[in-house]
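Below are the chains, spelled out letter by letter.
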Amino acid sequence: MTGAIVEAKRKGTNWLIVPGIVWMALFMVVPILMICYVSFWTQTTFNISSTPTLASWKQFFSSDTYIGALWTTIRIWLIVLATTFIIGYPTALFVGLFVKSKTLSTVLLVICVIPFWTSFLIRVLAWRPMLGKEGAINIILMKLNIISQPIEVLLFTELSVIIGMTQIYCVFMVGPIAFMLGRIDRNIIEAARDLGAGFGRIFWKIIFPLSLPGVVVGAIFVSVMVLGEFATAGALSGRKVNLLGNIIVTQVGSLKWAMASVTGVILTVVMGIVIAAFLRIVDLKREL
Amino acid sequence: MATETAIFEIDGVSKSYGGVNALDGVTLRAGVNEYMSLLGPSGSGKTTLLRVIAGFEVPDSGRVYFEGRDITSLPANERGIGFVFQNFALFPHLTVRKNVAFGMMHGNTRVSPSEIDARTQSVIDMVGLTGMEDRGVEQISGGQRQRVALARTLVMQPKLVLLDEPLGALDANLRGRMRNELRAIRERMGVTFLHVTGSETEALAMGDSVVVLDRGRIIQAGTPDGVYSTPASPAVAHFLNRFNMFDGNLSQGVFTGPFGAVAVTHATQAKDDVYAIRYDRVQVQPLGAVTSGPALKATYIASEYLGSSVMNYFETADGKLCEVEHHLSLGAPETYEPRQQYLLTWAADQAIVFGKEGKL
């Protein structure tokens, strides 16, 4: 009887996911399969044919440029993940846990999102007049007589890429963590205090474990976006930092479809591994 | 100041939130090994009082003493006072055993691992959770969570345990059982319980002493029997929820109410003139019967079977609801005709009268 009702309900609601499935199939599954397929095509200077070959794969793994880009991508991803976490977690702790009023914590979260009111490119390019040799930071430091020579490593280095990415992606770390922290029952923290635990113990044994699902979600957001990045590196590194994303852009620009596909497949696999690893840390199904 | 017999004492504690007085000069003390219930309606400040004692709130004025020591500005984690939350506030990511052991593992007193294990196990056995040690606290029932909350607090061997409506989240059947267990556990441990509740039956049944709180002030304190039989004010009588209360006018030893003018031998000083008669002290007579005490015409509406007694509901001419309780131990209940008028009567000396005139 109840089984029949559930069955009828399922039939009635199943169509809700049809548009999603159609969309994802057409614009995600099929393109990914196409990329895998194209990566085995034969590339000549001005042409590409569907004759299967491993040439592009061999070229990727034998070239220092491509392998170097892979390691740079992974290095920058790990550094940005660390910086967004180090800056983001205390911010989230303040917004989600220490601000008692729900209204104020919502306002603070909205403030975090204000940079997103302008376009991505402007946000990235705005770092140039900040970090440049004659940029704001150098001018201020020189006026204060802290330095006598402008700091040149600020712009067009890996450092500038990391600074830019941290600023852009930090909010994706703050949001999920603040959300999880906001859901912690304040009585639980009081109970821990009542049992004699100081703030350090309460943080490490209660608050941090309970916020972990937020950390994982935030880390997945940041990872997916940083691993696929090319614009920040393009605008702030002076072409010195090549990420897998930049390789794809260059290859597509010179119509090297097979090589672009190989890089795309490798990037997708790396992202898949990263997401799977994060999901192993915590059972999101149970927590959310 | 605090004497040796008092485990805790609060002296003139006030606390207000945004201009509203949650606590207004509360002074209270409890002895060693005592079960004190704190009764009050919601918003009476009873939870605030508990939170001040536990150290979660700092009072605006007044002092708090525990074991003779002024702890007003001592942080909660250094007070050693147990607190059992209404929603239990268990650590959701830990097992039953880890919840219970939390205070010993992460608290400010060093306890050896073997002692942690032994004490955890013995308190888990005491509250009847043997075999549940490795379950997550989300996987156990409400009653079991209540026991974990209690075990987690008791394992710290506090001298004073504060319970904030600890039975409020349980169903009626479990509530009855936990009442008995709470009393038994307390007696075995020899600690003082301060039990906050909004339920008058719970307060009367459980406390060695009962404190009634209203709008941030203590309006009566005494034994359950004393509070029950001689409420100090109409407000207390009202919270006890055991009295038919009539407004009227007390003048020169005569109370004039809906039942006419009745001579009063004794009245308690109060702001308003109120005549209160307990539900189970009212008799129902047919209309026209000769009565010795005051009598009031009322229409029978309905009755409610309560197991050990029957509650009959009557409506007076001016629309006031009167309740008459008949204990089944006194014999089978009478049956009354709905919408028929009866005469409610009682012995005049069993009424409790409050009045501006006060004692006569």
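In this text, all values refer to a predicted model and were calculated from it rather than measured experimentally.

S.K.: Looking at this structure, how should I read the interface of chain A and chain B?
M.R.: It is common to give the size of an interface as the accessible area that goes away when the parts come together. Between chain A and chain B, the contact holds 17 residues from the first and 26 residues from the second. Approximately 1900 Å² of surface area, both sides summed, lies buried where chain A meets chain B, with 58% of it carried by carbon and sulfur atoms. Area buried by chain A at its contact with chain B is led by A:Arg193, A:Asp194 and A:Leu195, which between them contribute 35% of it. Between chain A and chain B we count one salt bridge in total. A salt bridge links B:Arg51 to A:Glu190; the nearest nitrogen and oxygen atoms lie 2.5 Å apart. Our count for the contact surface shared by chain A and chain B stands at nine residue pairs in polar contact (both at pLDDT 80 or more). Of all the elements in the fold, those that place two or more residues in the side of chain A that touches chain B are α10 (186-194) and α11 (199-227) of chain A. Per element, the largest residue contribution to the side of chain A that touches chain B is seven residues, and it comes from α10(A). When its residues are assigned to classes, the side of chain A that touches chain B shows eight nonpolar, three polar and six charged.

S.K.: I'm lost on the packing of aromatic side chains in this one. Help?
M.R.: The relation between two aromatic rings is expressed through the spacing of the ring centres and the mutual angle of the planes. Tallied over the entire structure, the rule returns 33 aromatic pairs over all chains. Ring geometry for B:Tyr336 versus B:Tyr342: centroids 5.1 Å apart, planes at 70°, classification edge-to-face. Here B:Tyr336 falls in the buried class, since its relative accessible area comes to 15%. The rings of A:Phe85, A:Tyr89, A:Phe98, A:Phe199, A:Phe203, A:Trp204 and A:Phe208 are connected pair by pair, giving a single aromatic cluster. Its guanidinium or amino end placed over the ring of B:Phe91, B:Arg152 lies 4.7 Å from that ring's centre, counting from NZ or CZ. Above the ring of B:Phe246, the side-chain terminus of B:Lys320 is found at 5.4 Å from the ring centroid.

S.K.: I would appreciate a short explanation of the sheet that holds strand β21 (residues 341-345) of chain B in the present structure.
M.R.: Strand pairing in a sheet is mediated by backbone hydrogen bonds. Such pairs are either parallel or antiparallel. Residue and element names in this part refer to chain B. A sheet is described by the order of its strands in space; here five strands give the open sequence β17-β21-β18-β19-β20, paired in antiparallel fashion. Sheet topology places β17 (283-286) and β20 (321-327) at the edges, where each strand pairs with a single neighbour. For this sheet, the mean angle separating the axes of adjacent strands, direction not counted, is 45°. Strand direction decides the pairing type here: strand β18 (residues 295-305) and β21, joined by five bridges, are antiparallel. Note on β21: the bridge partner recorded for Lys297 is Leu343.

S.K.: So what exactly am I meant to see when it comes to the packing of helix α9 (residues 158-182) of chain A against α11(A) here?
M.R.: Between two packed helices, what matters for the description is the angle formed by their axes and the separation of those axes. Residues and elements named next belong to chain A. At their nearest, the axes of α9 and α11 sit 8 Å apart, and the two run at 150° to each other. Here α11 runs roughly antiparallel to α9, going by the angle between their axes. Viewed along their axes, α9 and α11 form a crossing whose handedness is right-handed. Residue composition of the contact of α9 with α11, by class: 18 nonpolar, three polar and no charged.

S.K.: Any chance you could explain unusual backbone geometry here in plain terms?
M.R.: Outside of glycine, negative phi angles account for most residues, and trans bonds account for most peptide bonds. In this structure, B:Phe88 takes a positive phi of about 75° despite not being glycine. Mapping B:Phe88 onto the fold places it in the loop between β6 (82-84) and α2 (96-106).

S.K.: Before we go on, may I ask you to explain empty space enclosed by the protein in this structure?
M.R.: Which parts of space are left empty comes out when a probe the size of a water molecule is rolled across the atoms. Residue and element names in this part refer to chain B. Under the criterion given, the structure shown has one cavity of 30 Å³ or more. Considered as a void within the structure, the largest cavity measures approximately 40 Å³ in volume. Considering the residues around the largest cavity, the lining is formed by Asn244, Phe246, Ile277, Val282, Leu296, Cys322, Glu323, Val324, Leu344 and Trp346. Every element with two or more residues in the lining of the largest cavity is listed here: β11 (243-247) and β20. If one sorts the elements of the lining of the largest cavity by residue count, β20 sits on top with three residues. Tallied by class, the residues present in the lining of the largest cavity amount to eight nonpolar, one polar and one charged.

S.K.: Would you explain the domain arrangement of chain B in this entry?
M.R.: Examined at the domain level, chain B breaks down into domain 1 (6-229) and domain 2 (242-355). Look at where the C-alpha atoms of domain 1 of chain B and domain 2 of chain B centre, and you get two points 38 Å apart.

S.K.: What exactly am I supposed to notice about helix α4 (residues 64-98) of chain A here?
M.R.: Think of an α-helix as 3.6 residues a turn; residues three or four steps apart then line up on the same face. Residues and elements named next belong to chain A. Under the 1.5 Å per step criterion, the end-to-end length of α4 is 49 Å for 35 residues, consistent within 8% with the ideal 51 Å. Its maximal kink placed at Gly88, α4 deviates by approximately 30°, while the proline Pro90 follows within four residues. The N-cap of α4, judged by a side-chain oxygen 3.1 Å from the amide nitrogen of Thr65 a few residues on, is Ser63.

Definitions and limits used
- Residues numbered from 1 in each chain as written.
- Chains lettered and ligands numbered in written order.
- Predicted model: local features only at pLDDT ≥ 70, side-chain atom pairs only at ≥ 80, totals over all residues.
- Heavy atoms only, no water.
- Contact = heavy atoms within 4.5 Å.
- Buried area = accessible area lost by both parts, 1.4 Å probe.
- Salt bridge = Lys/Arg side-chain N within 4 Å of Asp/Glu carboxyl O.
- Polar contact = N/O pair within 3.5 Å; in protein donor to acceptor, adjacent residues only side chain to side chain.
- Helix = DSSP H or I, 4+ residues; strand = E, 2+ residues; numbered from the N terminus.
- Nonpolar A, V, L, I, M, F, W, Y, C, P; charged D, E, K, R; others polar.
- Phe/Tyr/Trp six-rings, centres within 6.5 Å; stacked < 30°, edge-to-face > 60°.
- Buried < 20%, exposed > 50% of the residue type's maximum accessible area, 1.4 Å probe, protein only.
- Lys NZ or Arg CZ within 6 Å of the ring centre and 35° of its normal.
- Pairing = 2+ DSSP bridges.
- Axes fitted to C-alpha atoms, helices over the stretch in contact; angles between N-to-C directions.
- Parallel < 35°, antiparallel > 145°, perpendicular 65-115°, else oblique.
- Left-handed = near helix turned anticlockwise from the far one by under 90°.
- 1 Å grid on protein atoms, 1.4 Å probe; cavity = no way out; pocket = protein on both sides within 12 Å on 5 of 7 lines; lining within 4 Å.
- Points joined across faces, edges and corners; volume = space filled by probe spheres on them.
- Domains from an automatic or database assignment.
- Expected span 1.5 Å × (residues − 1).
- Bend = angle between axes of the 7 residues up to and from the residue.

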